Structure formats: C-alpha cells, structure tokens
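Residue-level structural notes
Listed here are the chains, written in short residue letters.
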Amino acid sequence: MLRKIYAEIEFDQEVADRYAETNGLDEPTPIDHLEKEFGWLEQSGFTLGKAVIADGDDDSVWERYINYLFEWALERAEDFDRKGESPMSYERFETKAHLSAPLVLAYPSIVNVMIADLGNGEKTDAGDRTSSFFQIAKKKVGDSWKYLNVQLIERIVAGRIDKDYYELYVVDDMNGKDCHSFETKHLSENELFTLMSELMERIEKRAGIRGVPTVRSVQNSLPRKKDQTVEETNRCYRWLVEFMADNNMSVKELADFCERNDEWVFSRMLEDCEEGE
C-alpha cells in the first residue's frame, strides 16, 4: 500500500550555488536538487511526486498565498475540531498584503552617501569604520511605522588589501527579524551597489503583486548563453543593474527596454562581461 506524505522542506540556495560553481554546473533550482537528492531515498521506498517552490518571505503576493495555503492545511490536517474551516480567498489575502506592504525609501545609489558617511558611526570592536544608520524602507504595523535600517561597515583585513570588503548591517524592525549582514567580496563600490540593489529588490518584490518585474526576472527573460556558469550569470546580473543605474531607469523601464531590444541587450551584455573578466 502506498501512503502519501505532505512535508515542509527548507532549502539553502547558497549551498547549491557553491556546489554548482565548483563542479561547473548550470545554476540549479531547488526542485533540481530535490529530485537529485530523492534518488537516495527511492531505495527506502520514497518517491517524489509534485513539487513547487513556495518562498513565503521573499516572493510575490501570489507565491506567499500558495505558502499560506500549505501552512494552513498542515496546521489543520490532524485537528478535527477545526473541520469545516476554509482558508481566506486570494482577493482577501492580496488586500491584506498590500495594506501591510513595505515602502522603499531610497535608491541603490544611496551607497555613495553611505561610503561618504563612513566614520560618523561608532567604530567596531576591531576598529573598523562605520556609517550612520540609514532608513531604507518602512511598513505600517498597527498605528505606527516600523523601519528597516542599514549601516555600512568598512571591513579592513590587516596586511591583506585584497581581502578588505564592505558589510551591510541590517536591522529589520519591520518584520521583527534578527539583525543580519550582507557582504561584498571586495572593497568595491560596484559590488556594494549590486548588493544594495538585491536587498531593495527583495523588499520591492515582497511589496508587489503577480507580474511585478525584478532585475532577476528581466535577466531570466533574455536569451541565455549555452552552458552559462553561475559566475557568468552573476556578472550578467550586475551588468543589468549598472545599465539600469547609468540610464536612470526603473526596473519596469528596464523590463520594457529589454523586451523591445532583447538581442541587442544580450549581445552587448555578453561582450562587456567578457571584456571585464
């Protein structure tokens, strides 16, 4: 007799990306990895049926709704006292999501101001310079506003200039999350701009509805080089971010431009990225 199990599985994308880069593989999706790892479980009687990605924290309102439905079902699966209850409709969920959606207060170019502000914050225990805290986004919680604040830290590795890097220290009071950090690989303004762009993109994506473009979705809509590596994919992403900034475009304007000129963008992007290797 075959039994059916529904389970919540979390996946570390960074682990998969490092594995793919080390082994020269294409950028994997969580489903790709799940199918690969399930090969080991088949000998124990487990088989993988349908699978879907449901990132409740970072994706569109629609994907958060799918995530909500899964959680709703799992919480009630064995609670017979709640038999007969129904989940909220998508329309109601979407309305609630927009009422509590975060508002982005800055552009990625704020990193230039943050770099100029280094030294105005309190030094770290290691003596590294820091900036003041900057409000990047806000969200209405109850009757008050909660903020996402970011501080820039200039990490200096003694005797190793090539190992110096920037760190964005994030205090997220909007969602009540623990403080966390994002780091560049080098002491590079371009890398810092890309990092800030990715952070703001995550915030805007969470605030958006189905179909709202992001730089990553624009990239995925363009032609792709055969056997493109993870590093090449990341370089192309940075090129799009810089192209958008150089031309004072919004993400929507970038998406429209790429849709009309996809072949030109693809060839120019590859050419510039190859010259920058």
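One can find the structure itself at the top, above this paragraph.
One structure accompanies this document, and this report is about it. Along each chain, residues carry numbers from 1 onward, in the same order as the chain's sequence is written. Per-residue local features of the predicted model are confined to residues with pLDDT of at least 70, and side-chain atom pairs are confined, for both listing and counting, to 80 or more; whole-chain, interface and lining totals are unaffected and use all residues. Only hydrogens and water are set aside; all other atoms, that is, all heavy atoms of the structure, feed into the side-chain values.

Here we take up the packing of helix 8 (residues 230-246) against helix 9 (residues 251-260). Running from amino to carboxyl end, helix 8 crosses helix 9 at an angle of 110°, the nearest separation of the two axes being 10 Å. Taken as axis vectors, helix 8 and helix 9 run roughly perpendicular relative to one another. Contacts between helix 8 and helix 9 involve L240, F243 and M244 on the former and, on the latter, V251, L254, F257 and C258. Each residue is assigned to one class: nonpolar for Ala, Val, Leu, Ile, Met, Phe, Trp, Tyr, Cys and Pro, charged for Asp, Glu, Lys and Arg, and polar for all the others, Gly among them. Among the residues making up the contact of helix 8 with helix 9, the classes are represented as seven nonpolar, no polar and no charged. Orientation is described by lines fitted to C-alpha atoms, with helices fitted over the stretch in contact, and by angles between N-to-C directions that extend from 0 to 180 degrees. A helix here means a DSSP run of H or I that spans at least four residues, while a strand means a run of E at least two residues long, and both kinds are numbered starting from the N terminus. Orientation categories follow fixed angle ranges, with anything under 35 degrees roughly parallel, anything over 145 roughly antiparallel, 65 to 115 roughly perpendicular, and all other angles oblique. Contacts were defined at the residue level, with two residues in contact if any of their heavy atoms lie within 4.5 Å.

With that out of the way, let us pick up the sheet that holds strand 2 (residues 129-141). Strand order in this open sheet of five strands is 1-2-3-4-5, and the pairing throughout is antiparallel. Strands at the two margins of the open sheet, each flanked by one partner only, are strand 1 (103-104) and strand 5 (180-183). Here a strand pair is declared whenever DSSP counts at least two bridges between the two strands. As judged from the eight bridges shared by strand 3 (residues 144-155) and strand 4 (residues 165-172), these two strands associate in the antiparallel manner. Paired with Q151 across the two strands is Y169, which belongs to strand 4.

All right, on to the packing of aromatic side chains then. Whether two aromatic rings pair depends on their centres lying within 6.5 Å, for rings of Phe, Tyr and Trp, where Trp uses its six-membered ring; planes under 30 degrees apart make the pair stacked, over 60 edge-to-face, and the rest tilted. The full count for this structure, using the stated rule, is nine aromatic pairs. Each ring, one from W62 and one from Y90, has its centre 5.1 Å from the other, and the planes form 70°; the classification is edge-to-face. With W62 in helix 3 (residues 61-76) and Y90 in helix 4 (residues 90-99), the pair connects residues that are 28 residues apart, well separated along the chain. We classify Y90 as buried; its relative accessible area is 10%. Taken together, a centroid distance of 6.1 Å and an interplanar angle of 85° make the contact between F257 and W264 edge-to-face. Members of the aromatic cluster, joined through ring pairs, are W62, Y65, Y68 and Y90. Think of it in three bands: residues with accessible area under 20% of the maximum for their type are buried, residues over 50% are exposed, and the middle band is partly exposed, with areas taken using a 1.4 Å probe on protein chains only.

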